[in-house]
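Structure at a glance
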Amino acid sequence: MAKRHHSKPNWLAEHFTDEYVKKAHLTGTRSRAGFKLEQIQCRDRLLKPGMTVIDLGAAPGAWSAYVRDKIGHQGKVIAVDILPMDQLAGVECIQGDFRDAATYAALKVALLGEAADLVLSDMAPNMSGIPAIDQPGIYVLAECALDAACELLRPGGHFLVKVFQGAGFEDFLMLMRSHFKQVATRKPKASRARSKEVYLLGSR
Ligand code: SAM
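Throughout what follows, the structure given in this document is the object of discussion. Position numbers for residues count from 1 along each chain, tracking the sequence in the order it is written. Totals for whole chains, interfaces and linings use every residue, but because this is a predicted model, local features are given only for residues with pLDDT of at least 70 and side-chain atom pairs only at 80 or more, for both listing and counting. Hydrogens and water molecules were not included; the side-chain quantities draw on all heavy atoms of the structure.

1. Some points on the overall build of the protein chain
- Think of it this way: any DSSP run of H or I at least four residues long counts as a helix, any run of E at least two long counts as a strand, and we number them from the N terminus. A tally of helices and strands in the protein chain yields seven helices and seven strands.
- Element order for the protein chain, N to C, with α for helix and β for strand: α-α-α-β-α-β-β-α-β-α-β-α-β-β.
- The reference for a compact globule is 2.2 Å times residues^0.38; the radius of gyration itself is calculated from the C-alpha atoms. Against the 2.2 N^0.38 benchmark of 17 Å for 204 residues, the protein chain shows a C-alpha radius of gyration of 18 Å, consistent with a compact globule.
- The dimensions of the protein chain, computed from C-alpha atoms along their principal axes, are 70 × 40 × 35 Å.
- Out of the 204 residues in the protein chain, the part that is buried amounts to 46%.
- Should any heavy atoms of two residues lie within 4.5 Å, those residues are considered in contact. In the protein chain, once contacts between residues fewer than 6 apart in sequence are set aside, the share between residues at least 24 apart is 62%.
- Method for areas: the Shrake-Rupley scheme with a 1.4 Å probe, in which residue coverage is limited to the protein chains shown. When the accessible surface of the protein chain is split by element, carbon and sulfur atoms take 55% of a total near 11,300 Å².
- A residue counts as positive if it is Lys or Arg and as negative if it is Asp or Glu; His and the chain ends are not included. To locate a charge, the coordinates of NZ of Lys, CZ of Arg, CG of Asp or CD of Glu are taken. Computed over 27 positive and 22 negative side-chain charges, the separation of the two mean positions in the protein chain equals 7 Å. Accessibility here uses a 1.4 Å probe with only protein chains present; expressed as a share of the type maximum, an area under 20% marks a residue as buried, one over 50% as exposed, and anything in between as partly exposed.

Have a look at this one:
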């Protein structure tokens, strides 16, 4: 009889040995993604006490928790995700597909007419591994986030958005440049080197 193999697939082995997965576990951070925002914050100082911040693609909530800690009780965090998210004190959660008008309308209601200081988008589609599906998927989400940032950000505000290098990147970069005074690319250390993921940071 053929032997059964018990070796872990590579991605699983990588997951359990990943420095940031271990760190998230030890610190009680909701996901390793939290360290990406922390590293961007160390460099760009985007978050300040009292800010109003929109967090798109927020589940399971590491970015929202980090933002809330940085902006304090005077600030406001509105988190949006298509998936349900466990409650976080001081974070207003909206569950819905951000491509839907109803979700966007709920976000505007939650803002109570205020402009946002910072719009974050870590939204990503479920990855199929097929670039012809995954690349358009991320850019649909990034463009929805950009539309929201253009309408909801105050002058001088910032927009941080996840995208994938490859097809669509240059076009989206040009679109960002047409809406923001400055656009910078960020690849935090916690973003896996082999991943095509990068963040674009637009400053109004
Ligand atoms: N920043 C999060 C954190 O710190 O925990 C991790 C975000 S995870 C990489 C990407 C998220 O985008 C997922 O939770 C997914 O449900 C969300 N997402 C994907 N498509 C979406 C959509 N159409 N509308 C809202 N959220 C979406």
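From this point, the discussion proceeds with the structure in view.
2. A look at the site of the ligand
- Note on definitions. A residue lies near a molecule or strand when any single heavy atom of the residue is within 4 Å of it. The full set close to the ligand counts 20 residues, and Trp63, Asp81, Asp97, Phe98 and Asp122 are the nearest of them.
- What qualifies as a polar contact is a pair of N or O atoms within 3.5 Å, subject to a donor-acceptor requirement within protein and to the restriction that residues adjacent in sequence count only when both atoms come from side chains. Between an oxygen atom of the ligand and a main-chain N or O atom of Trp63, the distance comes to 2.9 Å.
- Protein chains shield 87% of the accessible area of the ligand, which is 600 Å² for the free molecule.
- Grouping the amino acids of the shell around the ligand by side-chain chemistry returns twelve nonpolar, four polar and four charged. Lys, Arg, Asp and Glu make up the charged group, whereas Ala, Val, Leu, Ile, Met, Phe, Trp, Tyr, Cys and Pro make up the nonpolar group; the residues left over, Gly among them, are polar.

3. Some thoughts on the sheet that holds strand 4 (residues 116-121)
- DSSP-based pairing: two strands are paired if at least 2 bridges between them are found. Sheet architecture is open: seven strands sit in the order 3-2-1-4-5-7-6, paired in mixed fashion. Each of the sheet's edge strands pairs with one partner strand only, and the pair in question is strand 3 (91-95) and strand 6 (182-186). Each neighbouring strand pair of the sheet contributes to a mean axis angle of 15 degrees, computed without reference to strand direction.
- Between N-to-C directions, angles cover 0 to 180 degrees, with each direction set by a line fitted to C-alpha atoms, over the stretch in contact for helices. Packing against the sheet, helix 4 (residues 62-71) makes contact with strand 1 (52-56), strand 2 (76-81), strand 3, strand 4, strand 5 (153-164) and strand 7 (197-203), and its axis sits at approximately 175 degrees to strand 2.
- Sitting on the sheet, helix 6 (residues 131-152) is in contact with strand 1, strand 4 and strand 5, with an inclination near 175 degrees to strand 5.

4. Quick look at the environment of Asp122
- Relative to the helices and strands, Asp122 is located in the loop between strand 4 and helix 6.
- When the C-alpha positions of Asp122 and Ser178 are compared, they lie 21 Å apart, and in sequence the two are 56 residues distant.
- Other than its neighbours up to four places away in sequence, Asp122 contacts Ala33, Leu56, Gly57, Trp63, Lys162 and Tyr199.

5. A short note on unusual backbone geometry
- Ala59 connects to Pro60 through a cis peptide bond whose omega is 5 degrees.
- Relative to the helices and strands, Pro60 resides in the loop between strand 1 and helix 4.
- With a phi angle near 50 degrees, Arg45 is a residue other than glycine that sits in the positive phi range.
- Relative to the helices and strands, Arg45 is located in the loop between helix 3 (33-44) and strand 1.
- Judged by relative accessible area, Arg45 falls into the exposed class, the value being 54%.
- Phi at Leu112 is positive, roughly 55 degrees, even though this residue is not glycine.

6. Let's talk about helix 5 (residues 101-111)
- Considered for burial, the residues of helix 5 that qualify are Thr103, Tyr104, Leu107, Ala110 and Leu111. Burial along helix 5 is one-sided: seen end-on, the buried residues are contained in an arc of 120 degrees. In helix 5, the exposed positions that point more than 90 degrees away from the buried face belong to Ala101, Ala102 and Val109.
- Its buried side turned inward, helix 5 meets strand 1, strand 2, strand 3 and helix 6.
- Looking one or two places after helix 5, you find Leu112, whose phi comes out positive at around 55 degrees. Here the arc refers to the directions that run from the helix axis out to each C-beta atom.

7. Focus on the nonpolar core
- Take the buried residues of types Ala, Val, Leu, Ile, Met, Phe, Trp, Tyr and Cys, join any two whose side-chain atoms come within 4.5 Å, and each joined set is a nonpolar core. Residues Leu56, Leu107, Phe159 and Phe172 are the most contacted members of the largest nonpolar core, which totals 34 residues.
- Looking at this core, the elements with two or more residues in it are strand 1, strand 2, helix 5, strand 4, helix 6, strand 5, helix 7 (169-179) and strand 7.
- The element best represented in this core is helix 6, accounting for nine residues.
- Setting aside its immediate chain neighbours within four residues, Phe159 contacts Leu118, Val119, Ala142, Ala145, Leu146, Ala149, Leu153, Met176, Phe180, Leu200, Leu201 and Gly202.
- Membership of the second largest hydrophobic core comes to 23 residues, among which are Val53, Ala65, Met85 and Leu160.

By themselves, these observations are geometric and do not establish any function.
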